[in-house]
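Below, each chain spelled out in residue letters.
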Amino acid sequence: MKTSGSNAPRVLIADDQPDVLEALRLLLKAEGYQIETATSPRGLLAALEARDYDVVLMDLNYARDTTSGREGLDLLTRVQTLDSTLPVVVMTAWGTVDVAVEAMRRGARDFVQKPWENPRVLSILRTQIELGQALRRGQRLEAENRLLRDRDGAPALIAESASMRPVLQLIERVGPSDANVLITGENGSGKGLVAQAMHAISNRSGKPMVTVNAGGLSEGVFESELFGHVRGAFTDAKTDRVGRFELADGGTLFLDEIANISPNMQAKLLRVVEAGEFERVGASKTRKVDVRILSATNADLNEEVKAGRFRQDLLFRLNTIEIRLPPVRDRREDIPLLALHFLRQHAQRYRKTLQGFEESALQALLSHAWPGNVRELDHAVERAVLMAQGTQVRATDLGLRAGAEGSLRPEDMSLEEVECFLIKKALARFDGNVSLAARTLGLSRSALYRRLQRYGL
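Residues numbered from 1 in each chain as written. Predicted model: local features only at pLDDT ≥ 70, side-chain atom pairs only at ≥ 80, totals over all residues. Heavy atoms only, no water.

### Re the overall build of the protein
Part 1 of the reasoning: The number of helices and strands found in the protein is 19 helices and 16 strands.
Part 2 of the reasoning: Expressed as a percentage of the 457 residues in the protein, the buried residues total 48%.
Part 3 of the reasoning: For the protein, the share of sequence-separated contacts (at least 6 apart) that also reach a separation of at least 24 residues comes to 72%.
Part 4 of the reasoning: Summing over all exposed atoms, the protein offers an accessible surface of approximately 22,400 Å²; the carbon and sulfur share of this is 49%. (Helix = DSSP H or I, 4+ residues; strand = E, 2+ residues; numbered from the N terminus. Buried < 20%, exposed > 50% of the residue type's maximum accessible area, 1.4 Å probe, protein only. Contact = heavy atoms within 4.5 Å. Areas by Shrake-Rupley, 256 points an atom, 1.4 Å probe, with all protein chains shown as cover.)

This is the structure we're talking about:
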């Protein structure tokens, strides 16, 4: 089966004999393959670091050692280290069972003895290209499924209040473009939903939207998560891993809690934001991606820049457009709509028949301070659905403090309630800035994030 065009499989042939290279080039070119050649191990490795191939057809014997295949076997090991999914077919004029077995043990997919039979070479290459492409698709789909399987059932962007109109207008205006957007607002205010809405109305909606909690990644795993790694790059790197940028290629990458990444990681992120180029950890081959970046933070990045904690050049790249989300306390008209949406969602999930909220429950919802914003509202309604015994949610089902948290005495509260209460107060004091709240509470950012997740804040 012949192939042609820019999508034709790309074959890299490595041999130190010009006549062998020319014969194979003519054979494969007639079948429509894209052909590149190398005459030495160094040339083969340089080609692999420069671009991607669908299959490698390489000699096992080079000028330094023309009989044992040892130089080619060592080269095969290095090729497998660069890309374990790349099919490699080896050739030798001195084929023995021992050399063939060793080549297969080191990762070769098949073996060709010189002089070769053209139909056999074509059949082997065709099979290995198909298998290699299937392996890479499988690796990518597995990673995509792991990251994206939980997106179903995400709450809709419900907004009818006056304070949300400018937000909706910006989403409608900027969403279809490729502009990088910075979404700001307090924790739990719905920044992730805005990112999903923008991706959904963009030209990239047919491609993945990949989300990364940048603030939750330690510096040790940041590069591996975003850029991927190759097998052997570090102790636990037992297989190649596709990074988030590669998964989002052609689509959208959402970087949440962007203010909390270290200066060192900011520099690495800047390069890929500017040029769309990066290397997997442990590899030297530069990869290119086409990704739209949406980022979010509850911090004032301009203040972070002034304090020397955030790079100004990175902020310029991320903040082509800024969308600022108001907290729930400034969009109270939306609270009944949001609560009803969550009620229907959780009632269906827990198979309960509920018609709505009693008047007292609605008053409790409207009078509550909601320091955790939409996320806190969601958790409160979920609790109410579980606790409700009638057809309507009562105020007591919500478990709110009726807006009088400040009058509670610590001795009347459990240890967890005291901790949750202090965290809410610290977040409110610093307008949702996690770094400042953590410092005040004597916690690390990661420790505070774990508590925020535990209490649904």
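### What to know about the side chain of Glu246
Part 1 of the reasoning: The topology assignment puts Glu246 in helix α9 (residues 244-247).
Part 2 of the reasoning: Overall, Glu246 belongs to the buried group, its relative accessible area being 11%.

### Some words on helix α2 (residues 41-50)
Part 1 of the reasoning: The complete set of buried residues in α2 reads Pro41, Leu44, Leu45, Ala47 and Leu48. Relative to the axis of α2, the buried residues are bounded by an arc of 160 degrees and lie together on one face. Summarising the geometry of α2, the exposed residues directed more than 90 degrees from the buried face are Arg42 and Ala50.
Part 2 of the reasoning: Where α2 is buried, its residues touch β1 (10-14), β2 (34-38), β3 (55-59) and α3 (70-82). (Arc of directions from axis to C-beta.)

### Concerning the packing of helix α13 (residues 335-350) against helix α15 (residues 373-387)
Part 1 of the reasoning: Relative to each other, α13 and α15 sit at 45 degrees, their axes nearing to 9 Å. The angle between α13 and α15 places the two elements in the oblique class. Pair α13 / α15 crosses with right-handed handedness. Residues Ile335, Leu338, Ala339, Phe342, Leu343, His346, Ala347, Arg349 and Tyr350 of α13 form the contact with α15, whose own contacting residues are Val374, Leu377, Asp378, Val381, Glu382, Val385 and Leu386. (Axes fitted to C-alpha atoms, helices over the stretch in contact; angles between N-to-C directions. Parallel < 35°, antiparallel > 145°, perpendicular 65-115°, else oblique. Left-handed = near helix turned anticlockwise from the far one by under 90°.)

### Overview of the side chain of Glu382
Part 1 of the reasoning: Relative to the elements of secondary structure, Glu382 occurs in helix α15.
Part 2 of the reasoning: Within the local environment of Glu382, its side chain forms a polar contact with the side chain of Tyr350, the two groups lying 2.4 Å apart.
Part 3 of the reasoning: If we ignore the near neighbours within four places in the chain, the residues touching Glu382 are His346, Arg349 and Tyr350. (Polar contact = N/O pair within 3.5 Å; in protein donor to acceptor, adjacent residues only side chain to side chain.)

### Re the sheet that holds strand β13 (residues 292-297)
Adjacent strands of a sheet form backbone hydrogen bonds with each other and so pair up, either parallel or antiparallel.
Part 1 of the reasoning: Across the sheet, 5 strands lie side by side as β7-β10-β13-β6-β14; this open sheet has parallel pairing. Each end of this open sheet is capped by a strand with a single partner; those strands are β7 (209-213) and β14 (321-324). Going across the sheet, the axis of each strand differs from the next one's by a mean of 20 degrees, ignoring polarity.
Part 2 of the reasoning: Note: strand β10 (residues 252-256) against β13, 4 bridges, orientation parallel. Directly across from Leu253, in β13, lies its bridge partner Ile293.
Part 3 of the reasoning: Against the sheet, helix α6 (residues 165-174) touches β6 (181-184), β13 and β14, its axis set at about 150 degrees to β14. (Pairing = 2+ DSSP bridges.)

### Observations concerning the sheet that holds β3
Part 1 of the reasoning: With respect to topology, 5 strands assemble into an open sheet ordered β2-β1-β3-β4-β5, the strand pairing being parallel. Strands with a single pairing partner mark the edges of an open sheet, and in this sheet they are β2 and β5 (110-113). Taking each pair of neighbouring strands and ignoring which way they run, the sheet shows an average axis angle of 20 degrees.
Part 2 of the reasoning: In this sheet, β2 lies alongside β1 in parallel orientation, the contact comprising 5 bridges. Residue pairing across strands places Arg10 opposite Gln34, the latter belonging to β2.
Part 3 of the reasoning: Across the sheet, helix α1 (residues 18-30) is in contact with β1, β2, β3 and β4 (88-92); its angle to β1 comes to roughly 165 degrees.

### Some details on the nonpolar core
If you look at soluble globular proteins, the nonpolar side chains tend to sit buried side by side.
Part 1 of the reasoning: If you look at the biggest cluster of nonpolar residues, it comprises 32 residues, and the most contacted ones within it are Phe245, Leu253, Ile258, Leu269, Val272 and Phe310.
Part 2 of the reasoning: Elements with a contribution of two residues or more to this core: β7, α8 (219-227), α9, β10, α10 (263-275), α11 (301-306) and α12 (312-318).
Part 3 of the reasoning: Residue contributions to this core peak at 5 residues, all from α10.
Part 4 of the reasoning: Not counting residues up to four positions away in its chain, the partners in contact with Ile258 are Leu182, Leu269, Ser295, Ala296, Thr297, Leu301, Phe310 and Leu318.
Part 5 of the reasoning: Met58, Leu76, Val90 and Ala100 belong to the second-largest nonpolar core, a separate cluster that totals 24 residues. (Core = buried A, V, L, I, M, F, W, Y, C linked by side-chain atoms within 4.5 Å.)

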